[in-house]
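# Structural overview for review
The chain contents come next:
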Amino acid sequence: MRAMDPVHVIDSHTEGEPTRVVLEGAPDLGVGPLPERMRRLLAHHGGLASAVTREPRAAEATVAAWPVQPHDPDADVGVLFTNAAGPLGMCGHGTIGLIATLAHLGRIGPGVVRVETPVGTVRARLEADDRVAVANVPSRRTRAGVAVALPGTWGDAPRTVHGDVAWGGNWFFLCRDHGLPVRPAAVPDLTAEARRIRRALAAAGVVGDDGAEIDHVELTGAPSGGADGRGFVLCPDGSYDRSPCGTGTSALLACLAADGALEEGTTWIQESVLGTRFEAWYRRREDGTVAPTIRGRAWITAEATLRFDATDPLRRGAPRSGGRA
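Scope of this entry: the structure provided in the associated data block. The structure presented is a predicted model; accordingly, all values stated were derived computationally and were not measured. (Residues numbered from 1 in each chain as written. Predicted model: local features only at pLDDT ≥ 70, side-chain atom pairs only at ≥ 80, totals over all residues. Heavy atoms only, no water.)

## Remarks on the overall build of the protein
Helices and strands together make up the secondary structure of the protein, namely four helices and 17 strands. Relative to the compact-globule value of 20 Å for 325 residues, the protein shows a C-alpha radius of gyration of 19 Å, a close match. Dimensions of the protein, computed from C-alpha atoms along their principal axes, come out at roughly 50 × 45 × 35 Å. Classification of the 325 residues of the protein by burial places 54% in the buried group. Summarising the internal contacts of the protein: among those between residues at least 6 apart in sequence, 64% fall at separations of at least 24. Summing over all exposed atoms, the protein offers an accessible surface of approximately 13,500 Å²; the carbon and sulfur share of this is 50%. For the protein, the separation between the mean place of its 35 positive charges and that of its 39 negative charges on side chains is 3 Å. (Helix = DSSP H or I, 4+ residues; strand = E, 2+ residues; numbered from the N terminus. Rg over C-alpha atoms; globule rule 2.2 N^0.38 Å. Buried < 20%, exposed > 50% of the residue type's maximum accessible area, 1.4 Å probe, protein only. Contact = heavy atoms within 4.5 Å. Areas by Shrake-Rupley, 256 points an atom, 1.4 Å probe, with all protein chains shown as cover. Lys, Arg positive; Asp, Glu negative; His and termini not counted. Charge placed at Lys NZ, Arg CZ, Asp CG, Glu CD.)

Quick look at the structure:
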């Protein structure tokens, strides 16, 4: 039984989704490429990584941002993202939360910050009105109109849904014909449906590039007035994204671009299941991918020192019943 050192964190939410920036007390992960440092974090400090994103010290859906020295010589800051299930390649709302936190600390002002992530360096622009525009990693659709067979449950007959496989910094399956309303009251049903789809994708061997797991499922639906789209996103930790999801919106833009349904440079307003919004647009790249930009805002909600007593049975966080199942 051993206590862990206390850590200082700053919490924020980006259009509803929580980000926790880990500051003083974070482990020294050394130097080198960020994917290597992510492996060090999980291999040698996995208990801490779990503790800062799980109950009883974190709200459900919390994403931790671990600032590190960048490996990319052109980047201003590096960051690793984790949630209760483990690592994330890129996190759009987390990047916005990180920039808002750095501004709150007085470390940056309006302008462009180059942020290195394990899947590439992105450009985040802090605007005068405190909104943040994130020029995300190149995004692409890899498969369109994939049919996924779902087994019958609770007396319902087996059925088939369809969707696209796309990369927006994480791997997504974007489903159109699930038949559920994308509204807060339907969150339990949306969660169950997205979990069924994720299990069915794994069972059918539907994967991203190089066999990558499709660990995010987005169920699209009709928006409210003034928006163009609305989505429910199931995250790898089993929680749903309260924001419109930056990487999910990036994947969606890649699909819209591939279908010719959204012109380059045209702003798309994407709603979350809660009704909060991101603005998004893209430009085409010569390699056939798209370069998406996501704009939203984060608000600081708390500053805290997390403590981990050696006698606390949940000092590494409570076990989760959700997750990738």
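## Overview of the packing of aromatic side chains
By the definition in use, this model includes two aromatic pairs. Relative to Tyr-240, the ring of Phe-232 has its centre 5.7 Å away and its plane inclined at 25°; by these criteria the two rings are stacked. Residue Tyr-240 is classed as buried on the basis of its relative accessible area of 16%. One cation-aromatic arrangement involves Arg-242 over Tyr-240; the distance from NZ or CZ to the ring centre is 3.9 Å. (Phe/Tyr/Trp six-rings, centres within 6.5 Å; stacked < 30°, edge-to-face > 60°. Lys NZ or Arg CZ within 6 Å of the ring centre and 35° of its normal.)

## Details of the pattern of salt bridges
Scanning the entire structure with this criterion turns up 21 salt bridges. Linking Arg-297 and Asp-130 is a salt bridge whose minimum nitrogen-to-oxygen distance equals 3.6 Å. A residue pair is termed long-range when its members are at least 10 positions apart, and Arg-297 in the loop between β16 (290-296) and β17 (298-308) and Asp-130 in the loop between β7 (120-126) and β8 (132-135) qualify at 167 residues. A relative accessible area of 26% places Arg-297 in the partly exposed class. Linking Glu-193 and Arg-196 is a salt bridge whose minimum nitrogen-to-oxygen distance equals 2.8 Å. Placement of both Glu-193 and Arg-196 in helix α3 (residues 187-204) is noted, with a separation of three residues, approximately one turn of the helix. Arg-196 matches Glu-193 in its accessibility class, with the two residues each being buried. In this structure, a network of salt bridges that share partners links the residues Arg-125, Glu-127, Asp-129, Arg-131, Glu-279 and Arg-295. (Salt bridge = Lys/Arg side-chain N within 4 Å of Asp/Glu carboxyl O.)

## Some remarks on the nonpolar core
Grouped together as the largest cluster of nonpolar side chains are 70 residues, with contacts concentrated most on Phe-81, Val-115, Val-148, Phe-173, Ile-197, Leu-219 and Phe-232. The biggest single contributor to this core is helix α4 (residues 246-259), with seven residues. With 18 residues, the next largest nonpolar core counts Leu-29, Leu-48, Ala-49 and Val-52 among its residues. (Core = buried A, V, L, I, M, F, W, Y, C linked by side-chain atoms within 4.5 Å.)

## Concerning the pairing of β8
Summarising the sheet, β7 and β8 pair through four bridges and their orientation is antiparallel. What sits directly across from Ala-124, in β8, is Val-134. Counted between consecutive antiparallel strands, the loop separating β7 from β8 contains five residues, among which Asp-130 sits at a positive phi close to 75°. Alignment of β8 against β16, held across four bridges, turns out to be antiparallel. Note on β16: the bridge partner recorded for Val-134 is Ile-294. (Pairing = 2+ DSSP bridges.)

## A closer look at the environment of Asp-259
Assignment of secondary structure puts Asp-259 in helix α4. Counting along the chain gives 115 residues from Asp-259 to Ala-144, while the straight-line C-alpha distance between them is 9.5 Å.

These values are about where atoms sit, not about what they do.
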